[in-house]
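The residues making up each chain are set out below.
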Amino acid sequence: MKLNQKMKYSIIVLCGGLGSRLSSIQNIKVKLLAPISSNIFFDYFTKWLKLNNAFTEDLILAIGFNSSLISEYLFKNSLNIKISIEKMQKGTLPAVIQASALAKYDDILVLNGDTIFDVCFMDMYEKYLENIERPLLSLKTLKIKDKSFKNGYSFVGQNNLRFVEKNPQFISCGAFFYKKSSLKKEFMTNIQWNNHIKYDLDIHFLDKAKCRDYLCDGKYMIDIGTVEDFYKAQKIIPKYINL
C-alpha cells in the first residue's frame, strides 16, 4: 500500500481533559501545549504522526478545558485543524461521539493527546481493514512483575480481549481505529447525555464492541500525564522525534 493511496481516515485527538495531575507545574495550562525541551508537545505530536505514516488530511482536536488556548494557538499559527469543543466534561466517549460528527471519513483513528509510542499507522490501518466491524486497539505488553498499572486489557476465555481493573496483561497505547457509523449520538441515551456521569471509551465502548488487539511493543511509549512522566519526556521525546 502506498501512503495516501488507499489510506483514507479521519483522526480525532483527545485533548480536553483537566490535566489535574500536572497542576503543580505552573507553566502548563493544557498538556497539548506543554513545553518539551525548547518546543511544545504538539510540535512533537504532529511530527510523530508524519514519522509513523499517519494520514493527517482530516485532523480533529477534541478539546474542552482551557479550549481557548488551543484555539488561539491554531489561529496564530494558521493551522487548518478542526476543533470540537466539549461544553461539559462527560468523559472520552461523548467527546469522541461529538468530534466524529466533524469527520470527513467513515474510518476514524482516535488518539490520546498526551501520548506517543512506536507504531506504523499504515500497518495498523491495514490490520483494521481486515475486519472493520470491530475496533482495533493498540496495546503494549506489560512485564509480569509490573504491578504499577491498576487497569488495562487481558485475554479472557477463548481469546476475548476485555478491559479489566486488576492485573492487566496489556495497557492501552491510547490509539484505536473504528467505524464512524458505530458511534453516533444515538449510541448514548438522552438521559446519559444530560446527566453528570462520565462515560469512558474503554468501559462503555471498546470492551462492549469486542475490540481486537494490535500489539505495539516497540522501542518507546511515553505520555506526559503525570509529573514524573512529564520530566522523563523532556529527554525521551526529542530522542525519538527529531524536529
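The structure this text deals with has already been given above.
How each quantity is defined
- Residues numbered from 1 in each chain as written.
- Predicted model: local features only at pLDDT ≥ 70, side-chain atom pairs only at ≥ 80, totals over all residues.
- Heavy atoms only, no water.
- Helix = DSSP H or I, 4+ residues; strand = E, 2+ residues; numbered from the N terminus.
- Rg over C-alpha atoms; globule rule 2.2 N^0.38 Å.
- Contact = heavy atoms within 4.5 Å.
- Areas by Shrake-Rupley, 256 points an atom, 1.4 Å probe, with all protein chains shown as cover.
- Pairing = 2+ DSSP bridges.
- Buried < 20%, exposed > 50% of the residue type's maximum accessible area, 1.4 Å probe, protein only.
- Lys, Arg positive; Asp, Glu negative; His and termini not counted.
- Salt bridge = Lys/Arg side-chain N within 4 Å of Asp/Glu carboxyl O.
- Core = buried A, V, L, I, M, F, W, Y, C linked by side-chain atoms within 4.5 Å.
- Disulfide = S-S within 2.5 Å.

**Some thoughts on the overall build of the protein chain**
Check the secondary structure of the protein chain and you find seven helices and 13 strands. Computed over the C-alpha atoms, the radius of gyration of the protein chain is 17 Å, within 12% of the 18 Å expected from 2.2 N^0.38 for a compact globule of 243 residues. If one aligns the C-alpha atoms of the protein chain with their principal axes, the spans along those axes are about 50 × 45 × 45 Å. Long-range pairs, those at least 24 residues apart, make up 74% of the contacts in the protein chain between residues at least 6 apart in sequence. For the protein chain, the exposed area adds up to about 13000 Å²; of that, 50% sits on carbon and sulfur atoms.

**What to know about the pairing of strand β10 (residues 160-164)**
Where strand β9 (residues 152-156) meets β10, five bridges bridge the pair, whose relative direction is antiparallel. In the sheet register, Gly152 faces β10, and the bridge partner there is Val164. Counted along the chain from β9 to the antiparallel partner β10, the turn is three residues long, and its residue Gly157 has a positive phi close to 65°.

**Digging into the environment of Trp48**
Secondary-structure assignment places Trp48 in helix α1 (residues 41-51). Those residues in contact with Trp48 that lie beyond four places of it in its chain are Leu111, Thr115, Ile116, Phe117, Val119, Phe121, Tyr220 and Ile241.

**As for the side chain of Arg212**
Turning to its location among the elements, Arg212 is positioned in strand β12 (residues 212-215). One buried charged residue, Arg212, remains without a salt bridge, the closest side chain of opposite sign being Glu130 at 4.8 Å. Those residues in contact with Arg212, other than ones at most four positions away along the chain, are Lys127, Tyr128, Glu130, Asn131, Arg134, Pro135, Leu136, Leu137 and Leu161.

**Here we look at unusual backbone geometry**
Residue Asn53 is not a glycine yet carries a positive backbone phi of 60°. Considering the arrangement of structural elements, one finds Asn53 in the loop between α1 and β4 (58-63). Overall, Asn53 belongs to the partly exposed group, its relative accessible area being 25%. In this structure, Ser78 takes a positive phi of about 50° despite not being glycine. Assignment of secondary structure puts Ser78 in the loop between α2 (67-76) and β5 (82-85). Given the relative accessible area of 65%, Ser78 is considered exposed.

**Some details on the nonpolar core**
Counting 51 residues, the largest nonpolar core has Tyr9, Trp48, Leu61, Leu111, Ile116, Phe121 and Ile237 as the members making the most contacts within it. Per-element accounting of this core gives the leading share, six residues, to α1. Ignoring sequence-local partners within four residues, the contact set of Phe121 consists of Tyr9, Trp48, Leu49, Asn52, Asn53, Ala54, Leu109, Leu111 and Phe177. Counting 28 residues, the second-largest nonpolar core is a separate cluster that includes Ile60, Ile97, Ala103 and Tyr153.

**Section: the pairing of strand β6 (residues 107-112)**
In terms of burial, β6 is a largely internal element, five of the six residues being buried. Examined bridge by bridge, strand β1 (residues 10-14) and β6 share five bridges and lie parallel to one another. The residue bridging Ser10 from the neighbouring strand is Ile108, located in β6. In this structure, β6 lies alongside strand β11 (residues 170-179), joined through five bridges in antiparallel fashion. Paired with Leu109 across the bridge in β11 is Phe177.

**So, the state of the cysteines**
For the coordinates displayed, the defined rule picks out zero disulfides. Between Cys15, a cysteine without a disulfide, and Cys173, which holds the nearest cysteine sulfur, the sulfur-to-sulfur distance is 18 Å. Owing to a relative accessible area of 12%, Cys15 belongs among the buried residues under this scheme. With no disulfide of its own, Cys211 lies closest to Cys173 among cysteine sulfurs, the gap being 12 Å. For Cys211, a relative accessible area of 1% translates into the label buried.

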